[in-house]
Amino acid sequence: MNARTKELASLHDARRFLFFTTDNTAAQHLAAALADDGMMVQEDAASDRLSVRLAELIPQMVFLDFGIDESQPGKMAQATELARQLARVAPTLPVVAVGSITRPEGAIAALRAGVRDFIDLANENEVQDVVRRVLQSNGGGRSRRPGRGQLIVILGVRAGVGASTLGAHLSTLVHMQMSAPRPRRKPAGKPRARRRLAEGGAA
């Protein structure tokens with residue numbers, strides 16, 4: 001039995017997570033954080049293997065490495081391309097970005113690539129909470145793409161630009177709009193009934 005066959009056999013009954021990254025340390029941290037939830041498989045960031053690995057492993061969730069690394073200037077572009085490919089070939093598969101809140105550029109790049117969930121491996125409890133929440137909301141791996149307008153993210157480029165104030169005003173406006181009474185619709189069918197009566201009178 002070769003190494004790939006052994007890998008597939010060991011993953012047969014386990015919940016599977018696929019992490020596209022070349023950072024072995026990040027992969028080890030994520031695997032340790034998810035030890036109670038499933039088995040994590042690390043794969044390099046080569047996008048040409050994406051469809052192959054998805055078909056082989058059938059993962060319940062995919063993680064993309066959006067961590068900032070000056071030694072890999074093309075890292076963000078690779079993660080972004082993987083996110084776009086996943087949206088095309090597996091639109092219902094949950095995708096989570098991995099990075100650091102101390103370097104918000106990664107989170108911003110992930111959001112621009114369409115990745116809605118973000119975890120920082122420095123906070124293991126948060127990692128577990130986010131993963132379990134996403135799994136639960138997506139039925140253990142079968143996800144539903146959100147409709148437009150369900151998610152609004154406000155990111156301030158620096159402190160003091162008013163992002164919190166804008167968020168507070170927007171939430172108030174949305175609450176007022178949702179609380180406003182809706183106009184009643186006229187009962188359907190009355191014009192047709194009047195037309196029939198008129199036709200009957202003319203006869």
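Each chain carries its own residue numbering, running from 1 in the direction its sequence is written. Reporting of local features is limited, given that this is a predicted model, to residues whose pLDDT is at least 70; pairs of side-chain atoms are given and counted only at 80 or more, and all residues count toward the totals for whole chains, interfaces and linings. Hydrogens and water molecules were not included; the side-chain quantities draw on all heavy atoms of the structure.

Caption draft 1: Spatial organisation of the overall build of the protein chain. Assigned secondary structure in the protein chain consists of eight helices and five strands. Starting at the N terminus, the α and β elements of the protein chain follow one another as α-β-α-β-α-β-α-β-α-β-α-α-α. Across the 203 residues that make up the protein chain, the buried fraction comes to 32%. Should any heavy atoms of two residues lie within 4.5 Å, those residues are considered in contact. Put simply, of all contacts in the protein chain between residues at least 6 apart along the chain, 61% involve residues at least 24 apart. Throughout, the Shrake-Rupley method with a 1.4 Å probe supplies accessible areas, and for residues the shown protein chains are the sole cover considered. Split by element, the accessible area of the protein chain, about 13,700 Å² in all, is 52% carbon and sulfur. A helix here means a DSSP run of H or I that spans at least four residues, while a strand means a run of E at least two residues long, and both kinds are numbered starting from the N terminus. Relative accessible area decides the class of each residue, using a 1.4 Å probe on protein chains only: under 20% of the type maximum gives buried, over 50% gives exposed, and in between gives partly exposed.

Caption draft 2: Structural context of the pairing of strand S2 (residues 39–43). Paired strands are those between which DSSP finds at least two bridges. For strand S1 (residues 16–20) and S2, the ladder comprises five bridges, and the chain directions are parallel. By the bridge assignment, phenylalanine 20 is partnered in S2 with glutamate 43. You can see the chain leave S1, run along helix H2 (residues 24–33) and come back into S2, and the turn it takes is right-handed. Throughout, right-handed denotes a crossover for which the path from the first strand over the helix to the second runs clockwise when the strands point away from the viewer.

Caption draft 3: How the structure looks around helix H6 (residues 124–137). Helix length check: H6 (14 residues) gives 20 Å between terminal C-alpha atoms against 20 Å at 1.5 Å per residue, within 8%. By the burial criterion, the buried members of H6 are Val127, Gln128, Val130, Val131, Val134 and Leu135. Seen end-on, H6 carries its buried residues on one side only, within an arc spanning 165°. Across from the buried face of H6, at angles greater than 90 degrees, the exposed residues are Asn125, Asp129, Gln136 and Ser137. In the core, the buried residues of H6 are packed alongside S1, H2, strand S3 (61–65) and strand S5 (117–120). An expected span of 1.5 Å times one less than the residue number is assigned to each helix. This arc corresponds to the set of directions leading from the helix axis out to the C-beta atoms.

Caption draft 4: Region of interest: unusual backbone geometry. The phi dihedral of isoleucine 58 falls on the positive side, at around 50°, and the residue is not glycine. As for its position among the elements, isoleucine 58 is in the loop between helix H3 (50–57) and S3.

Caption draft 5: Structural detail: the nonpolar core. To define a nonpolar core, start from buried Ala, Val, Leu, Ile, Met, Phe, Trp, Tyr and Cys residues and group those joined through side-chain atoms within 4.5 Å. Counting 22 residues, the largest nonpolar core has Leu54, Val62, Leu64, Phe66 and Leu86 as its most contacted members. When contributions to this core are tallied by element, the ones reaching two or more residues are S1, H3, S3, helix H4 (75–89), strand S4 (95–99) and helix H5 (104–112). Of the residues forming this core, the biggest block, five residues, is contributed by H4.

Caption draft 6: Focus on the pattern of salt bridges. A carboxyl oxygen of Asp or Glu within 4 Å of a side-chain nitrogen of Lys or Arg is what we treat as a salt bridge. Counted by the stated rule, this structure contains eight salt bridges. For arginine 53, the salt bridge is made with glutamate 56, and the minimal N-O distance between the two is 2.5 Å. Here the residue arginine 53 and the residue glutamate 56 both occupy positions in helix H3, the gap between them amounting to three residues, near one helical turn. Here glutamate 56 falls in the partly exposed class, since its relative accessible area comes to 30%. Put simply, arginine 103 and glutamate 105 hold a salt bridge, and the shortest N to O gap is 3.4 Å. With a relative accessible area of 38%, glutamate 105 lands in the partly exposed category.

Caption draft 7: View of the packing of H2 against H6. For helices, the axis comes from a line fit to the C-alpha atoms of the stretch in contact; other axes are also lines fit to C-alpha atoms, and the angle between any two N-to-C directions lies between 0 and 180 degrees. Contact pair H2 / H6: the axes reach a minimum separation of 9 Å and the direction vectors enclose 65°. For the element pair H2 / H6, the angle class is roughly perpendicular. In this structure, H2 meets H6 at a crossing whose hand is right-handed. Residue-level contacts link Leu30, Ala32 and Ala33 of H2 to Glu124, Val127 and Gln128 of H6. For the contact of H2 with H6, the per-class residue count stands at four nonpolar, one polar and one charged. An angle below 35 degrees is read as roughly parallel, one above 145 as roughly antiparallel, one from 65 to 115 as roughly perpendicular, and any other as oblique. Less than a right angle of anticlockwise turn of the near helix away from the far helix marks a crossing as left-handed, whereas a clockwise turn marks it as right-handed. Charged means Asp, Glu, Lys or Arg here, nonpolar means Ala, Val, Leu, Ile, Met, Phe, Trp, Tyr, Cys or Pro, and polar covers whatever is left, Gly included.

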